[in-house]
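Each chain, written out:
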Amino acid sequence: MTTGKIRVRFAPSPTGLLHVGNARTALYNWLFARRAGGVFVLRIEDTDLERSEARYESQLIEDLRWLGLDWDEGPEGPNVTEKGAYGPYRQSERLKIYAGLTEQLLAEDKAYRCFCTPEELAAEHQLAIKQHGPQVYSGRCRRLSPETVEKNLAAGMPFAVRLKIGMEPLRFRDIVRGAVEFAPEAVSDPILVRSAKEGEPGMPVYNYVVTIDDALMKITHVVRGDDHISNTPRQVAIYKAFGWPVPEFAHLSTILGADRERLSKRHGATSIATFREMGYLPEALVNYLGLLGWGAEDGKTEIFTLAELTRAFTLERVTPSPAIFDFEKLNWLNRHYIKLASHERLTALARDYFGGMLPAKDAARDDVEAWFARLVRLFAPSVDHLDQLPAKTSFVFGFDHEAARARAENAEVLAADSARTVLTELANRVRSHSAWVTPEVFKAWLNDIKAATGVNGKELFHPVRIALTGMQSGPDFDKLLPLIEDGAALGLPVTSVQSRVEQFVGV
Ligand code: GLU
């Protein structure tokens, strides 16, 4: 058991956009640290120099902040300095630390130089397959005499550095999975530092640097994706070689799509940046990720703010079985949080989706923005995510009446004699009206038409709705008509009620 302060870390590689799986890892680490009053560290694992990019690091910092997560130590942040307590926090800035420790392991004879060429290793591998033996390194260079090593070094032969694996099983405690044990043969002598060309330093590998950093940064619990379980015995062996305490682990299950395949772009959005662009609210994503592999103690509560999750979250309740990403459930939560969000916030978020329909933001007019706020207020409660608003509200601006007329369900309504009568009556009234159509005027018209034609209920309302909106259902006319008329009066590309009826009835 760990005594003292809990210290956890999130250690992303800046090689792409932050994926929901990694965001969940970050969240669970953060929740665990915050609940325990511990420390949450952000460490950038950028030793893969070819694939790491600074823009991904900035993006992932932005995404974590957007989700509402903060960190106590890391490469940057309001409360952290580049030095931090155990910095630097970018692995590319820690190469000297790794090199010093490699010298130490070699000097203590816990690691050795391996001069095997890629061709020799490939041949060894092929032979193992042919003989149905274990496909692990034979340990050939472990047995080289000091003289041979000296000679090879003097000849400038490239070498990797390998760890000498002992005979004991490699054990660790996993809070999600219980005790885990690997046989040492399954691991063989892992490479710590890759072989380099002459004159260049060899690059230390992930398993090596992650262990060094976790140990030097005094990480007490390693919470990460279960794709790292098979790496863990190598890391345990490295802790042992240095005589460092082995932390506890919690490996979070893989996230799958509905078809039980690993979640990928094929299933829909997977990066936090994309969900954000689609108009998901961060509190909805945080709530959803919180439930993705963890459940409340009462077995039923599903709505959690970040603060509520912090109070409720324990690693013991994280499930080892794969988590299925359910877009419908995320949408349900997003609708919930959209209904709770302030109108100002929703309006500001939605504004970006209406670039083509409204004046550019830098040429914004207060009257137009106020009108837009009414539009958002009326329609936001009916969307799953805010980027659906332009499509959802497009009929407010105008619609293709030919297409609306042709749609099977509309054609059926419009074919009735009563529908034709109602729309002719409506057109007559519209024609003799020279002002904007208010809900009161409109209501009076419908009452008149009802009295004059004897048509009422669905037969009256559906054709009228189709003529005005292209659809049989939608928001209340009391709210919708003023929105349409005010939009047209403001000079926006909004078709007025009068023009709608005229176009539709073909006056
Ligand atoms: N950089 C590794 C990754 O993104 C970190 C793994 C770990 O947490 O140990 O998968």
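Residues numbered from 1 in each chain as written. Predicted model: local features only at pLDDT ≥ 70, side-chain atom pairs only at ≥ 80, totals over all residues. Heavy atoms only, no water.

**Student:** Mind showing me how you'd approach the overall build of the chain here?
**Tutor:** Each helix and strand in the chain was counted, giving 21 helices and 11 strands. In terms of overall size, the chain is more extended than a compact globule, its C-alpha atoms giving a radius of gyration of 32 Å where 507 residues would be expected to give roughly 23 Å. For the chain, the proportion of its 507 residues judged to be buried stands at 47%. Taking the contacts inside the chain whose residues are at least 6 apart along the sequence as the reference set, 73% of them involve residues at least 24 apart. (Helix = DSSP H or I, 4+ residues; strand = E, 2+ residues; numbered from the N terminus. Rg over C-alpha atoms; globule rule 2.2 N^0.38 Å. Buried < 20%, exposed > 50% of the residue type's maximum accessible area, 1.4 Å probe, protein only. Contact = heavy atoms within 4.5 Å.)

**Student:** Can you help me understand the site of the ligand in this one?
**Tutor:** Lining the immediate surroundings of the ligand are Arg 9, Ala 11, Pro 12, Ser 13, Glu 45, Tyr 206, Val 210, Arg 224 and His 228. Within the contact set of the ligand, a nitrogen atom lies 2.8 Å away from a backbone nitrogen or oxygen of Ala 11. In the complex, 84% of the free accessible area of the ligand, which totals 290 Å², lies under the protein chains. Judged by the proximity of its atoms to the pocket grid, the ligand belongs to the largest pocket. Residues belonging to the shell around the ligand are distributed by class as follows: four nonpolar, two polar and three charged. (Near = heavy atom within 4 Å. Polar contact = N/O pair within 3.5 Å; in protein donor to acceptor, adjacent residues only side chain to side chain. Areas by Shrake-Rupley, 256 points an atom, 1.4 Å probe, with all protein chains shown as cover. 1 Å grid on protein atoms, 1.4 Å probe; cavity = no way out; pocket = protein on both sides within 12 Å on 5 of 7 lines; lining within 4 Å. Sits in = over half its atoms within 2 Å of the grid points. Nonpolar A, V, L, I, M, F, W, Y, C, P; charged D, E, K, R; others polar.)

**Student:** Is there a simple way to explain the environment of Ala 186 in this structure?
**Tutor:** Note on placement: Ala 186 falls in the loop between β6 (178-182) and β7 (191-193). On the basis of relative accessibility, which here comes to 48%, the residue Ala 186 falls in the partly exposed class. When the C-alpha atoms of Ala 186 and Pro 169 are compared, they prove to be 9.7 Å apart, with 17 residues separating the residues in sequence. In contact with Ala 186, not counting residues within four places along its chain, are Val 136 and Arg 234.

**Student:** So what exactly am I meant to see when it comes to the pattern of salt bridges here?
**Tutor:** Should their charged atoms come close, side chains of opposite charge can pair. Scanning the model with the defined rule gives 33 salt bridges in all. Among the ionic pairs, Arg 9 bridges to Asp 214, the shortest N-O distance being 2.9 Å. Within this pair, whereas Arg 9 is found in strand β1 (residues 7-10), its partner Asp 214 is found in helix α6 (residues 206-216), the two being separated by 205 residues in sequence. What makes Asp 214 buried here is its relative accessible area of 1%. Where Arg 266 meets Asp 259, a salt bridge forms, and the shortest distance between an N and an O atom there is 3.4 Å. It is possible to trace a salt-bridge network through shared partners that takes in Arg 9, Arg 43, Glu 45, Arg 94, Asp 213 and Asp 214. (Salt bridge = Lys/Arg side-chain N within 4 Å of Asp/Glu carboxyl O.)

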